[in-house]
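Coordinate inspection notes
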Amino acid sequence: MDGGIVEDVQVAKQEEENHNVQVIEKDEDAHLTVDAEIKVPELQYQPIESEKFTVIIPTYKRVELLKRVLENYCTLTSHVDSIIVVWNNIQEPIPDILKYFSCSVSLHLKQETTNSLNNRFKPFPEIRTEAVLSADDDLIISHEDLIFQFETWKSTWYGIV
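Just so it is clear, the model here is predicted, and its values are computed rather than measured.

Judged by nonpolar contacts, the single largest core of 25 residues is most densely connected at Phe53, Val55, Ile57, Leu70, Tyr73 and Ile83. Going through the elements one at a time, β3 (49-59), α2 (63-74), β4 (80-87), β6 (129-134) and α4 (143-155) are the ones with two or more residues in this core. Looking at this core, the element that brings in the most residues is α2, giving six residues. Look past the residues within four positions of isoleucine 83 in its chain and what remains in contact with it is Val55, Ile57, Leu70, Tyr73, Cys74, Cys103, Val105, Ser106, Leu107 and His108. Counting five residues, the second largest nonpolar core, distinct from the first, contains Ile56, Ile84, Val86 and Ile127.

Here it is in structure tokens:
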């Protein structure tokens, strides 16, 4: 092996130590293969439910539509663990009709201080499931389609469905 290849191997080994990569040296011609492993960040909490999912719904001034969407998710108790409504209307408090909405699963209402669709991506402490459905407040998805999506996610949990 010449000096450049030895140096490359040393750099690769240093990368292995620092970045959780595995270096595999193949043959005397110094063909080098780096097999990168995916690092999964530590969760701040431990999800306790893997057979259900959490629904997160951001909304802004569409209470009547939201009520219909909530009725749909609230009745899917076999698969929905909880629902988090992200209230993005910072000028108005959450309406009482939502505060007292009857739901068969846990319903959490979050009053936001900024109006942003990105609020749906916050790590809410109420999320107790491995799967999270980010839903819109104006779209009703059939139970059959929701279950299909969830089952698809369970078979490829490392991706976005």
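Here we come to the packing of aromatic side chains. The full count for this structure, using the stated rule, is two aromatic pairs. A centroid spacing of 5.1 Å and a plane angle of 50° characterise the contact between phenylalanine 53 and phenylalanine 150, whose relative ring orientation is tilted. Here phenylalanine 53, found in strand β3, pairs with phenylalanine 150, found in helix α4; they are 97 residues apart in sequence, far enough to count as distant. Here phenylalanine 53 and phenylalanine 150 have matching classes, each one buried. Taking the centre distance of 6.1 Å and the plane angle of 10° together, the rings of phenylalanine 150 and tryptophan 153 count as stacked. Placement of the pair is phenylalanine 150 and tryptophan 153 together in helix α4, with a separation of three residues, close to one helical turn. Like tryptophan 153, phenylalanine 150 is buried. Pairwise contacts between aromatic rings join Phe53, Phe150 and Trp153 into one cluster.

Each value, and the rule that gives it
Residues numbered from 1 in each chain as written. Predicted model: local features only at pLDDT ≥ 70, side-chain atom pairs only at ≥ 80, totals over all residues. Heavy atoms only, no water. Core = buried A, V, L, I, M, F, W, Y, C linked by side-chain atoms within 4.5 Å. Buried < 20%, exposed > 50% of the residue type's maximum accessible area, 1.4 Å probe, protein only. Helix = DSSP H or I, 4+ residues; strand = E, 2+ residues; numbered from the N terminus. Contact = heavy atoms within 4.5 Å. Phe/Tyr/Trp six-rings, centres within 6.5 Å; stacked < 30°, edge-to-face > 60°.

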